[in-house]
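Observations on the three-dimensional arrangement
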Amino acid sequence: MAQSFDLILRNGMVVTPNGTARTDIAVHHGRIAAIGGLGGASAAEETDLRGLTVLPGVIDTQVHFREPGLEHKEDLETGTRAAAQGGVVAIFEMPNTKQSTTTGEAILDKLARARGRAWVDHAFFIGAASDNIDHLAEWERIPGCAGIKVFMGSSTGNLLVADDQTLGAVLAQGFRRIAVHCEDEGRLIERKHVAEEGAHPRVHHHWRDVETALMASKRLVALAEKARRRVHVLHVTTAEEMDFLAAHKDLATVETTPQHLTLAAPECYERLGTYAQMNPPIRGAQHRDALWAAVASGVVDVLGSDHAPHTREEKDKPYPQSPSGMTGVQTLVPIMLDHVKQGRLSLERLVDLTSAGPARIYNLSGKGRIAVGYDADFTVVDLKAEKIITNDWIESRCGWTPFDGMKVTGWPLATIIRGQTVMRDGQLLGAAAGEPVRFQECR
Ligand code: DOR
């Protein structure tokens, strides 16, 4: 008897661990049930993807949706709509929310808020603070918690672990990989006058300079070695840190962002003003080149968008009162596909950075590759589509992207999560049915 499935995707160019080939994929009960020529099989739903490319679902491991939010700002619903539109199947949200996410109760509250409102799968980081250290080992294992996040330097919000003693105590609690924002708080305070005197975002990368980032990365790695703890250095922006971290890959994994791979100082600050301001900053082309070299050499493990959807009203404040951050969850896929088209990385390396990388460093269960038994998560893309990214397209409440007006080749056409088509041809379909991401290390 012919086999019957819930869904068959036919004739797409499918990126699997075996390589990229035209094939069919069958889905049953939300999981991948078969890969190969499925001519004799049928399904309740069948889609022909001839001419299109099927990637494992793209996972964005760094977003700031600020749930619980304010009415006029981003929240889990609008942020995950943006994710689904952009071909992203899962997001990890950071804890520097209006009221910082620093307790197990806050994680459970966010998971409850996500039910029926999140369009994509999700996980939430718990922020380390001086008053929650004793609980971190317990709370980092709550199912749906992405692990512990540390801010070594102040950014948006008030989360901060600035000194070595507190950071060492955090690293001694629990065992999952810890995600860290590496900027040295002491140096940031010492150099704040550079921002105040400069009074224009073009000085942002001089205030938060290379040494500020490098000092923090070095302090972190020294403490992590002592504690024998795995760490993940978020949004690495400097040539110097890439060299340093390449020598510490045994315990440190590395993220960079599409913004840092695409924009460069001083041009971005002259053109975009405070809309190009983020932490750590966009730096000169020499650093951007070094980030690309680290992508090519394998030092970079993942891309995170650091989606931080500040409103225009906030961004229009004079520098340095203007907040740091840019939208990014929706533009990650098209921006990176355009880089593939320009020959800066292969499609397989992109998949390594946005699916396999997140799965490997965070020990995800059932996500990150197209393989039998895994979640049926797919980002279906048209590698040849030529489109212009515009503010109008942005689902985030703030309605802007630093890439407004940019022409790209390569576009997400469908987002499929556990077998459900959530976005197709720019339309969100069905209801918000995202679920918590599963981690092997959570009880
Ligand atoms: O630019 C940034 N914005 N960097 C961060 O680390 C935080 C983020 C935000 O939450 O606004």
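Quick summary incoming for the structure in this document. Everything numeric here is computed off the predicted structure, so don't read it as measured data.

For the rest of this paragraph, the subject is the overall build of the chain. For the chain, the helix and strand inventory stands at 15 helices and 17 strands. Relative to the 2.2 N^0.38 estimate, which gives 22 Å for 443 residues, the radius of gyration of the chain is 21 Å and therefore close to what a compact globule would have. Dimensions of the chain, computed from the C-alpha atoms along their principal axes, are close to 75 × 45 × 45 Å. In the chain, buried positions account for 64% of the 443 residues. Intrachain contacts of the chain at a sequence separation of at least 6 include 74% that bridge at least 24 residues. Per element, the accessible surface of the chain, about 16300 Å² overall, is 48% carbon and sulfur. A gap of 2 Å separates the mean positions of the 48 positive and 56 negative side-chain charges of the chain.

The next thing to look at is the nonpolar core. Core analysis: the largest hydrophobic core is formed by 93 residues, its most contacted members being F92, V150, V170, L220 and F439. Dropping the residues within four chain positions of it, L220 is found in contact with M152, L167, L171, V180, C182, V231 and V233. Counting residues in each nonpolar core, the second largest holds 36 residues, with L7, L272, A276 and V380 among its members.

Scanning the entire structure with this criterion turns up 6 aromatic pairs. With 5.2 Å between their ring centres and 75° between their planes, F92 and Y362 make a pair best called edge-to-face. Of the two residues, F92 is situated in strand 7 (residues 88-93) and Y362 in helix 15 (residues 347-362); the sequence distance between them amounts to 270 residues. A relative accessible area of 0% places F92 in the buried class. Joined through ring pairs, the aromatic side chains of F92, F125, Y362 and F439 make up one cluster. K149 extends its terminal NZ or CZ atom over the ring of F151, reaching a point 3.8 Å from the ring centre. Between the NZ or CZ atom of R208 and the centre of the ring of W207, over which it lies, the distance is 4.8 Å.

Around the ligand, the surrounding shell holds 15 residues, and the nearest of these are R66, N96, T156, N279 and H310. One nitrogen or oxygen atom from the side chain of S155 is found 3.2 Å from an oxygen atom belonging to the ligand. A distance of 2.9 Å separates a nitrogen atom of the ligand from a polar atom in the backbone of S324. Of the residues belonging to the shell around the ligand, the class tally is 3 nonpolar, 10 polar and 2 charged.

Below, the discussion takes up the pattern of salt bridges. For the coordinates displayed, the defined rule picks out 34 salt bridges. With a shortest N-O distance of 3.6 Å, D48 and R50 are connected by a salt bridge. A relative accessible area of 43% places D48 in the partly exposed class. In this structure, the salt-bridge partner of R81 is E77, at a minimum N-O distance of 3.9 Å. Pair noted here: R81 and E77 are both in helix 1 (residues 76-85), with a separation of 4 residues, about one helical turn. Residues joined in a network through salt bridges with shared partners are R31, D121, K367, D375, D377, R418, E435 and R438.

Here the focus is the state of the cysteines. Inspection of every chain in the model, using the stated rule, returns 0 disulfides. C398 takes part in no disulfide bond, and the closest cysteine sulfur, belonging to C268, lies 18 Å away. Residue class for C398 comes out buried when judged on its relative accessible area of 10%. The structure places no disulfide on C442, whose sulfur is separated from the nearest cysteine sulfur, that of C145, by 6.4 Å.

With 16 residues, helix 15 ought to run about 22 Å at 1.5 Å a step, and its terminal C-alpha atoms sit 22 Å apart, in line with that. At A356, helix 15 shows its maximal kink, close to 45°; a proline, P358, follows between one and four residues later. By the burial criterion, the buried members of helix 15 are L347, R349, L350, V351, L353, T354, S355, G357, P358, A359, I361 and Y362. One or two positions beyond helix 15, positive phi appears at N363, with a value near 50°.

Next up on the list: the side chain of E183. By secondary structure assignment, the location of E183 is in the loop between strand 10 (178-181) and helix 5 (185-190). With relative accessibility at 0%, the residue E183 sits in the buried group. If we ignore the near neighbours within four places in the chain, the residues touching E183 are M152, G153, L188, R208, T212, A213, A216, N279, P280 and P281.

Cis geometry is found at the peptide bond from A265 to P266, where omega equals 0°. By secondary structure assignment, the location of P266 is in the loop between helix 10 (258-262) and helix 11 (267-272). Residue Y319 is joined to P320 through a cis peptide bond whose omega torsion reads 5°. Topologically, P320 is positioned in the loop between helix 13 (312-315) and helix 14 (332-341). One non-glycine residue with positive phi stands out, namely A199, at about 50°. With respect to the helices and strands, A199 occurs in the loop between helix 6 (192-198) and helix 7 (204-207). Of note, the phi angle at R418 is positive, near 45°, even though the residue is not glycine.

Parameters at a glance
- Residues numbered from 1 in each chain as written.
- Predicted model: local features only at pLDDT ≥ 70, side-chain atom pairs only at ≥ 80, totals over all residues.
- Heavy atoms only, no water.
- Helix = DSSP H or I, 4+ residues; strand = E, 2+ residues; numbered from the N terminus.
- Rg over C-alpha atoms; globule rule 2.2 N^0.38 Å.
- Buried < 20%, exposed > 50% of the residue type's maximum accessible area, 1.4 Å probe, protein only.
- Contact = heavy atoms within 4.5 Å.
- Areas by Shrake-Rupley, 256 points an atom, 1.4 Å probe, with all protein chains shown as cover.
- Lys, Arg positive; Asp, Glu negative; His and termini not counted.
- Charge placed at Lys NZ, Arg CZ, Asp CG, Glu CD.
- Core = buried A, V, L, I, M, F, W, Y, C linked by side-chain atoms within 4.5 Å.
- Phe/Tyr/Trp six-rings, centres within 6.5 Å; stacked < 30°, edge-to-face > 60°.
- Lys NZ or Arg CZ within 6 Å of the ring centre and 35° of its normal.
- Near = heavy atom within 4 Å.
- Polar contact = N/O pair within 3.5 Å; in protein donor to acceptor, adjacent residues only side chain to side chain.
- Nonpolar A, V, L, I, M, F, W, Y, C, P; charged D, E, K, R; others polar.
- Salt bridge = Lys/Arg side-chain N within 4 Å of Asp/Glu carboxyl O.
- Disulfide = S-S within 2.5 Å.
- Expected span 1.5 Å × (residues − 1).
- Bend = angle between axes of the 7 residues up to and from the residue.

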